[in-house]
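Per-entry structural report
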Amino acid sequence: MTSLPIAGANIVVDRKWPVFAAFVLVYVAVSLAARPHGTAEPQLLPWYAGTALSFALLARLGAGMAPAVIVASLTAAIWRAGGSATAAALAVQTVADVTACLAGAALLRSRIGVMPSFSRVRHVVWFFIAVALTSLLVAMPVLFEAFREGGSLRSSSIAFARQGLATATALLMIAPLLIIGAGSGQRTSRASLVTIETVLQAAALAIMSWEVFGRFVNEEIHFFYLLFLPLGWIATRHGQPGAVLALAVIYLAPLISDWFVPHREQAIIELQIRLIVLASTMLLLGAVVSDRRKTQESMLERQAELAHVQRLNVGWEMASALSHEINQPLTAAMNYTQASLRLIAMPEPDMERTKAAMRKSLEQIERAGQIVHGLRDFMNKGELRLALTDVAEPVGDAMRLVAAEANAGGIRLDIRDVDSLPPVMADKTQLVQILVNLMRNAIQALVAAQMTGTVAVTGSLIDGKVEVAVSDNGPGIDPAVRTRLFEPFITTKSSGMGLGLSISRSIAEAHNGSLSVDYSVTGGTVFRIVLPAAHRVS
């Protein structure tokens, strides 16, 4: 409810009224769009989606929208009957439809909540149960009416089954789209929809629909099961949102073709049974795909958080060494600045020497700034952002971050053949994290063994892939942990977390690459980062 001030008075406007009016109009339009079959009253509407609209509205907005369903159902029934049906018959039909939809929607809301997304198999199974309950209740008056008019058990059962199949088909193929599209968080972005693949999927769906519901709809043998191909393709690529959209489009095909190529009764029953099987299969497949994607996204988020924690831990460990590294350029900058002040204070200032001293002071300050910015970027939390990256950039950043620790331990750092490598599609910060982890491991191994040596970073291009190798001439890795080196919490350090190599391999694999290790017989270790090469577009 909302209040609108008009001429000094507050008029209360119910926000549901626009939904109420729109629903009634759409419901009546859908009712008139279905072609009636048979001459007996009430006529069968095999492709009638009104019940699916009512079910979806009540599932989304609750029993408070029941008046809208009653008005829409009664209006559509009167319009279709054209005065030939009695008031009692119309009332019974309306009450049955509304009661069935209320019962099914209430069951669904009680089991999977008011915002069902059908992204889990459990949700879809409960939806199937709600559909079965609703279809059963909608078809019950048909069964009673057939018995009341003296019909045989067989004819009454056939009438019951025809009504139940028609209702279940519409519910399975139309209701999920309306429920998900009305407010679910599962929305496919417009940019991801406009691709060559989706155009091909739409074309395949249109061709198969024409073959099944147009040319061969009344044939004994038609190509119905070809519909599984485009629908399966769409469901596996787009998950549940794509599956429910494709099912709704498929439902429109028999609805339209029935007006141009009237369907025979036997063909209708066969099509509805097969459509129920198709819809059930695709909804389950869509749920599995969506659930798996949500799980993968959650795992990637947790991995990103763990990587950030590990970067923070490494950053704080390097802070003390970096403070010494920063102190040197700042001290030099201060000395150059003091010299400049003395030159300016001379009776005859030497401006050229002053400019040179100030220029050197700026260079030292920029050097300190680069160190601080590099550490800040390294410790910054962020999502995986792939961009065209020159391998030399993350290698240089990692080298500057570990330089202080290497200098303190008397370890030489060496970079070889990285400038000539092609670029890669990578997140620069995460590549720096891998390199810092590997280089610090090598430095700390050499220092712990009281060895002076070299940590080298070497680049090479092998079979179209960029390889960056981090090697050392240290004592190597304990054979007892070699087979489990990349497992979490496996470490040879007394104060290590045992997460660095595990996270580093996960990052490499997230870039469609790999991280492996080789051991030298004479000692030392070589870690190899392999990433697909990218190419610049001129």
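Look up a bit, the structure's there.
Residues numbered from 1 in each chain as written. Predicted model: local features only at pLDDT ≥ 70, side-chain atom pairs only at ≥ 80, totals over all residues. Heavy atoms only, no water.

Concerning the environment of Tyr 225
Relative to the assigned elements, Tyr 225 resides in the loop between α8 (196-215) and α9 (228-260). Tyr 225 gets classed as exposed once you look at its relative accessible area, which sits at 51%. The sequence separation of Tyr 225 and Arg 274 amounts to 49 residues, and the corresponding C-alpha distance is 8.4 Å. (Helix = DSSP H or I, 4+ residues; strand = E, 2+ residues; numbered from the N terminus. Buried < 20%, exposed > 50% of the residue type's maximum accessible area, 1.4 Å probe, protein only.)

Some points on the pattern of salt bridges
This structure, assessed with the given rule, holds 8 salt bridges. Of the charged contacts in the structure, one is a salt bridge between Arg 162 and Glu 265, with a shortest N-O distance of 3.6 Å. Of the two residues, Arg 162 sits in helix α6 (residues 153-181) while Glu 265 sits in helix α10 (residues 265-345), which places them 103 residues apart along the sequence. The exposure class assigned to Arg 162 is partly exposed, which follows from its relative accessible area of 24%. Because the salt bridges share partners, they merge into one network encompassing Glu 393, Asp 397 and Lys 428. (Salt bridge = Lys/Arg side-chain N within 4 Å of Asp/Glu carboxyl O.)

Overview of the nonpolar core
Membership of the largest hydrophobic core comes to 68 residues, with the highest contact counts inside it found for Phe 55, Leu 108, Phe 127 and Phe 213. At 12 residues, the largest contribution of residues to this core is made by α9. If sequence neighbours within four positions are ignored, Phe 127 has contacts with Phe 55, Leu 108, Phe 118, Leu 171, Leu 172, Ala 175, Pro 176 and Leu 283. (Core = buried A, V, L, I, M, F, W, Y, C linked by side-chain atoms within 4.5 Å. Contact = heavy atoms within 4.5 Å.)

Examining the side chain of Gln 272
With respect to the secondary-structure elements, Gln 272 resides in helix α10. According to the relative accessible area criterion, Gln 272 is buried, its value standing at 2%. In this structure Gln 272 touches Pro 46, Trp 47, Arg 162, Leu 165, Ala 166 and Thr 169, once residues within four positions along its chain are discounted.

Here we look at helix α2 (residues 50-61)
Here α2 contains 12 residues, and its C-alpha end-to-end distance of 17 Å stays within 8% of the 16 Å for a straight helix at 1.5 Å per residue. With 11 of its 12 residues buried, α2 lies for the most part within the structure. Those residues of α2 that sit buried are Gly 50, Thr 51, Ala 52, Leu 53, Ser 54, Phe 55, Ala 56, Leu 57, Leu 58, Ala 59 and Arg 60. (Expected span 1.5 Å × (residues − 1).)

Description of the packing of aromatic side chains
One pass over the structure, following the stated rule, counts 8 aromatic pairs. With a centroid separation of 6.1 Å and an interplanar angle of 65°, the aromatic rings of Phe 55 and Phe 127 are classed as edge-to-face. One end of the pair, Phe 55, is in helix α2; the other, Phe 127, is in helix α5 (residues 121-148), and 72 residues separate them in sequence. There is no split in this pair, since Phe 55 and Phe 127 are both buried. Pairing Phe 118 with Phe 127 gives two aromatic rings, centres 4.9 Å apart and planes at 55°, and the pair type is tilted. (Phe/Tyr/Trp six-rings, centres within 6.5 Å; stacked < 30°, edge-to-face > 60°.)

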